[in-house]
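Remarks on the overall topology
Here are the chains, one letter per residue:
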Amino acid sequence: MGVAFYPGSFDPFHLGHLDIVEQAVGMFGELVIGVMHNPAKPSGMFTADERADLIRQSTTHLGKAVCVEKFSGLTVDAAASITASFIVKSARTTSDFETEQQMAQTNRAATGIDTVLLFSSPEHQFITSTYIRQFAQHKGTMRTKVAPQCVLEALAKKNS
Ligand code: PNS
């Protein structure tokens, strides 16, 4: 089926993302995770290098099936540069769905590349990087695990 490309901000990478990565690896065999790096817009919490490193640590169990790269500019250009067969995205809510539908249709109209939309397991559906950052910034505690251990430790360190 060829390599697939999973782009995102991943600030930070969480269990919903990991769920999608594991599904995509099962489907495509090989996945490149693209960490969006916008030099003009500083990241919310972690630098692109930190985000990429945390994803690498969180996906070691998947071995060579996963590769993590930073990218800037258009997702379709980054996907083309690795000759990806598909873009992988996910949607949690209906508003996510509408945004993803528009992006998928735009990317298809522009280049012909198709997007495969995956859904996380229900127990991961509520997880968002935005709320993880807000809890961490205010030292809020969560009784449910929402991110890989290395990410939770990096969040605690960043906000100590
Ligand atoms: O994790 P996010 O923030 O939802 O990821 C969004 C991302 C980076 C995948 C999206 O913003 C994107 O594709 N950005 C690259 C710019 C681009 O290709 N824009 C045209 C979209 S049709």
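Residues numbered from 1 in each chain as written. Predicted model: local features only at pLDDT ≥ 70, side-chain atom pairs only at ≥ 80, totals over all residues. Heavy atoms only, no water.

A few words now on the packing of aromatic side chains. What the rule picks out here adds up to four aromatic pairs. For the ring pair Tyr-6 and Phe-10, a centre distance of 5.1 Å and an interplane angle of 75° mean the geometry is edge-to-face. Using a relative accessible area of 3% as the deciding quantity, one classes Tyr-6 as buried. (Phe/Tyr/Trp six-rings, centres within 6.5 Å; stacked < 30°, edge-to-face > 60°. Buried < 20%, exposed > 50% of the residue type's maximum accessible area, 1.4 Å probe, protein only.)

Here we come to the site of the ligand. Contacts to the ligand come from Pro-7, Gly-8, Ser-9, Met-36, Gly-73, Leu-74, Thr-75, Lys-89, Met-103, Thr-106 and Asn-107. In this structure, an oxygen atom belonging to the ligand sits 2.6 Å away from a side-chain N or O atom of Ser-9. A distance of 2.6 Å is found between an oxygen atom of the ligand and a side-chain nitrogen or oxygen belonging to Thr-75. Contact with the protein chains covers 66% of the free accessible surface of the ligand, which is 550 Å². Put simply, the parts of the chain that give the shell around the ligand at least two residues each are strand E1 (4–8) and helix H4 (94–111). A class-by-class count of the residues in the shell around the ligand yields four nonpolar, six polar and one charged. (Near = heavy atom within 4 Å. Polar contact = N/O pair within 3.5 Å; in protein donor to acceptor, adjacent residues only side chain to side chain. Areas by Shrake-Rupley, 256 points an atom, 1.4 Å probe, with all protein chains shown as cover. Helix = DSSP H or I, 4+ residues; strand = E, 2+ residues; numbered from the N terminus. Nonpolar A, V, L, I, M, F, W, Y, C, P; charged D, E, K, R; others polar.)

Time to look at the pairing of strand E2 (residues 31–36). Among the six residues in E2, five count as buried, and that is most of the element. As defined by bridge partners, E1 adjoins E2 across five bridges and the pair is classed as parallel. When the sheet's bridge partners are listed, Pro-7 is paired in E2 with Gly-34. In this fold, E1 hands off to helix H1 (residues 15–28), which returns the chain to E2; that crossover is right-handed. The sheet contact formed by E2 and strand E3 (residues 66–71) spans six bridges and is parallel. Among the inter-strand pairings, Gly-34 is bridged to a residue of E3, identified as Glu-69. (Pairing = 2+ DSSP bridges. Right-handed = clockwise from strand over helix to strand, strands pointing away.)

Along the polypeptide, Asn-159 turns up in the segment after helix H6 (149–158). The contact partners of Asn-159, leaving out residues within four places of it in the chain, are Met-45, Ala-136, Gln-137 and Lys-139. (Contact = heavy atoms within 4.5 Å.)

This part covers a nonpolar patch on the surface. Together, Tyr-131, Phe-135 and Met-142 make up a nonpolar patch on the protein surface, roughly 300 Å² of accessible area in all. Mapped onto the secondary structure, Tyr-131 falls in helix H5 (residues 129–137). (Patch = residues over 30% accessible without salt bridge, like charges linked within 9 Å, V, L, I, M, F, W, Y side chains within 5 Å. Salt bridge = Lys/Arg side-chain N within 4 Å of Asp/Glu carboxyl O.)

This is a description of form; function is not addressed.
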